[in-house]
Amino acid sequence: MKCGDLVEYVGDAILWMVAGDPTRQPTGYGIIVETASDGTGDVCVFWSCEDMCFWHTKEDLRLINEM
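Here the residue index of a chain counts from 1 through its sequence in written order. Local features in this predicted model are restricted to residues of pLDDT 70 or higher, and side-chain atom pairs are both shown and tallied only at a pLDDT of 80 or more, whereas totals for entire chains, interfaces and linings draw on every residue. Only hydrogens and water are removed before side-chain values are computed, so all heavy atoms of the structure are retained for them.

Undergrad: Can you walk me through the sheet that holds strand E1 (residues 6-9) in this structure?
TA: The pairing of strands in a sheet comes from backbone hydrogen bonds and takes either a parallel or an antiparallel form. Sheet architecture is open: five strands sit in the order E4-E3-E2-E1-E5, paired in antiparallel fashion. Among the strands making up the open sheet, the edge pair consists of strand E4 (52-56) and strand E5 (61-65). The average angle at which neighbouring strand axes cross in this sheet is 45°, direction not considered. In terms of strand pairing, E1 meets strand E2 (residues 29-35) through three bridges, oriented antiparallel. Considered in E2, the bridge of Val7 is made with Gly30. Two strands form a pair only when DSSP identifies at least two bridges running between them. Helix and strand assignments follow DSSP, with helices taken as H or I runs no shorter than four residues and strands as E runs no shorter than two, numbered in order from the N terminus. All axes are obtained by fitting lines to C-alpha atoms, using only the stretch in contact for helices, and the reported angles, taken between N-to-C directions, cover 0 to 180 degrees.

See the structure below:
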């Protein structure tokens, strides 16, 4: 996975900092905007449904379309 790839979240429910919905997870598709430089393989994804970016492990994402 690299910057620009379209992904979908398929991991477990994650805790968000949104009050009242502790099991919320991103829905729809996101775009990878940054990759970790420390070699962990983590990626930062922009989720248009949330209008925010969040870091995820590659195992929690399914690649939809490569750039």
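Undergrad: Would you explain the nonpolar core in this entry?
TA: The nonpolar side chains of a soluble globular protein tend to be buried with one another. We call a set of buried residues a nonpolar core when its members are Ala, Val, Leu, Ile, Met, Phe, Trp, Tyr or Cys and they connect through side-chain atoms within 4.5 Å of each other. Throughout this description, buried means an accessible area under 20% of the type-specific maximum (1.4 Å probe, protein chains only), exposed means over 50%, and partly exposed covers the range between. Core analysis: the largest hydrophobic core is formed by eight residues, namely Val7, Tyr9, Ile32, Val43, Val45, Trp47, Phe54 and Leu61. Put simply, the parts of the chain that give this core at least two residues each are E1 and strand E3 (43-47). Looking at this core, the element that brings in the most residues is E3, giving three residues. Any pair of residues with heavy atoms lying within 4.5 Å of one another is described as a contacting pair. Sequence-distant contacts of Val7, that is, excluding residues within four places in its chain, are made with Met1, Gly28, Tyr29, Gly30, Ile32, Val45, Trp47, Leu61, Arg62, Leu63 and Ile64.

Undergrad: Is there a simple way to think about the side chain of Asp5 in this case?
TA: Summarising the element assignment, Asp5 is placed in the segment before E1. At 2.9 Å, the side chain of Asp5 and the backbone nitrogen of Lys2 are in polar contact. We call two N or O atoms a polar contact when they sit within 3.5 Å, provided that within protein one can donate a hydrogen and the other can accept it, with sequence-adjacent residues counted only if both atoms are side-chain atoms.

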